[in-house]
Amino acid sequence: LGFILVSLVFAGLHAQTSFDEKFTNRANIGLTVTNIGIIGNAFDGSFNVEGFPSCEYPIGSGNEHLFDAGLWVGGLINGSVVAVSTGAVDATTGYTTGRSGFEFTAEVGSTLEERSSLTNSPLFQPDAVSHQDFIADFTDKNVIIPGSLILIDDHNNPMGLDVHMETYNWNFSFANFFVILNYRITNGGSNTIDSLYVGYWADPVVRNINVSPPGTSGFFT
């Protein structure tokens, strides 16, 4: 009985929300996209472990253009309280679980869906928009990382937002140098939100990482 109880506890601990990321590789720009809405990888995590680009253009050149970035949404809650939910902030190593300023979360088991409009692709779906779509759903409603006991630092006043994000990129020669980010933001809570502001915070770092590798003293100079 004791062994069974211990096993259940550990199973619960491992059921916390998934963090999923991929990078665009149909266009000539390699942009890391995550299922919690962060773009770029802060030259940490997948950059170091799997070699993902952060926002490299052209792909294979070493020319990076972004540390990380994320959605910011603010408004007047119930006529009296100003609130802002932020998807990314200035942090030296980017996102870590529960870090202040990274206030959007995905639900347990939610991953970054991929689909393609290319009929010869194993990921072909007739409703795909581009040669490589990434689709994610995330929210600012949680003050604790779903499936865990980890508090999100300083995230004390969620707006009640549900966000559906889709990213598009193509391998056409006339359209292979950009990625489109498409958002649908819904008030999924009980609050009334007035005077809504939507912005996008980005930390652009333009460097050739073959000349100035991340982590070296001159990288942010």
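All values derive from a computational prediction rather than experimental measurement.

Novice: Is there a simple way to think about the nonpolar core in this case?
Specialist: Across soluble globular proteins, nonpolar side chains show a tendency to be buried alongside one another. One finds L31, V33, L66, F138 and M159 to be the most contacted residues of the largest nonpolar core, which totals 22 residues. The element best represented in this core is strand β5 (residues 68-77), accounting for four residues. Beyond its immediate chain neighbours, meaning those up to four positions away, F138 contacts N35, I36, G37, F104, T105, A106, L161, D162, V163, M165 and Y183.

Novice: Would you take a moment to explain the pairing of strand β8 (residues 132-139) for this structure?
Specialist: Regular strands have side chains that alternate between both faces of the sheet. Of all eight residues that make up β8, seven are buried, and the element is covered over most of its length. Of the pairings in the sheet, the one linking strand β7 (residues 113-115) to β8 comprises three bridges and is antiparallel in character. Within β8, the position partnered with E114 by the bridge is F134. Examined bridge by bridge, β8 and strand β9 (residues 161-169) share eight bridges and lie antiparallel to one another. Counted as the bridge partner of D133 is Y168 from β9.

Novice: Please explain the sheet that holds strand β11 (residues 193-203) as it appears in this structure.
Specialist: Hydrogen bonding along the main chain pairs the strands of a sheet, whether they run parallel or antiparallel. Taken in spatial order, the three strands line up as β6-β5-β11 in an open sheet, and their pairing is antiparallel. One side of each edge strand has no neighbouring strand; the edge strands of this open sheet are β6 (81-86) and β11. The sheet shows a mean angle of 15 degrees between the axes of neighbouring strands, direction not considered. Examined bridge by bridge, β5 and β11 share nine bridges and lie antiparallel to one another. What sits directly across from G70, in β11, is W201.

Novice: It is not clear to me how the environment of N210 should be interpreted in this structure. Could you clarify?
Specialist: Following the sequence through the fold, N210 ends up in the segment after β12 (207-208). Remark: the alpha-carbon pair of N210 and T192, spanning 18 residues in sequence, is separated by 50 Å. Residue contacts for N210: discarding those within four places in its chain leaves S61 and G62. A distance of 3.5 Å separates the side chain of N210 from the backbone oxygen of S61, its partner in a polar contact.

Novice: Can you walk me through the environment of V33 in this structure?
Specialist: Considering the arrangement of structural elements, one finds V33 in strand β2 (residues 30-34). By relative accessible area, V33 is classed as buried at 0%. Leave out the neighbours within four places in its chain, and V33 touches D20, E21, K22, I38, L112, F134, M165 and T167.

Novice: Got a minute to help me understand the side chain of S110 in this structure?
Specialist: Tracing the sequence through the fold places S110 in the loop between β6 and β7. Contact partners of S110, with chain neighbours within four places excluded, come to S18, N35 and D137.

Novice: Explain the sheet that holds β9 to me, please; I cannot follow it from the model alone.
Specialist: In space, the four strands of this open sheet follow the order β7-β8-β9-β10, with antiparallel pairing throughout. Every other strand in the sheet has two partners, leaving β7 and β10 (180-187) as the edge strands with one partner each. When strand polarity is set aside, the average angle formed by the axes of neighbouring strands in this sheet is 15 degrees.

Thresholds, definitions, all that
Residues numbered from 1 in each chain as written. Predicted model: local features only at pLDDT ≥ 70, side-chain atom pairs only at ≥ 80, totals over all residues. Heavy atoms only, no water. Core = buried A, V, L, I, M, F, W, Y, C linked by side-chain atoms within 4.5 Å. Buried < 20%, exposed > 50% of the residue type's maximum accessible area, 1.4 Å probe, protein only. Helix = DSSP H or I, 4+ residues; strand = E, 2+ residues; numbered from the N terminus. Contact = heavy atoms within 4.5 Å. Pairing = 2+ DSSP bridges. Axes fitted to C-alpha atoms, helices over the stretch in contact; angles between N-to-C directions. Polar contact = N/O pair within 3.5 Å; in protein donor to acceptor, adjacent residues only side chain to side chain.

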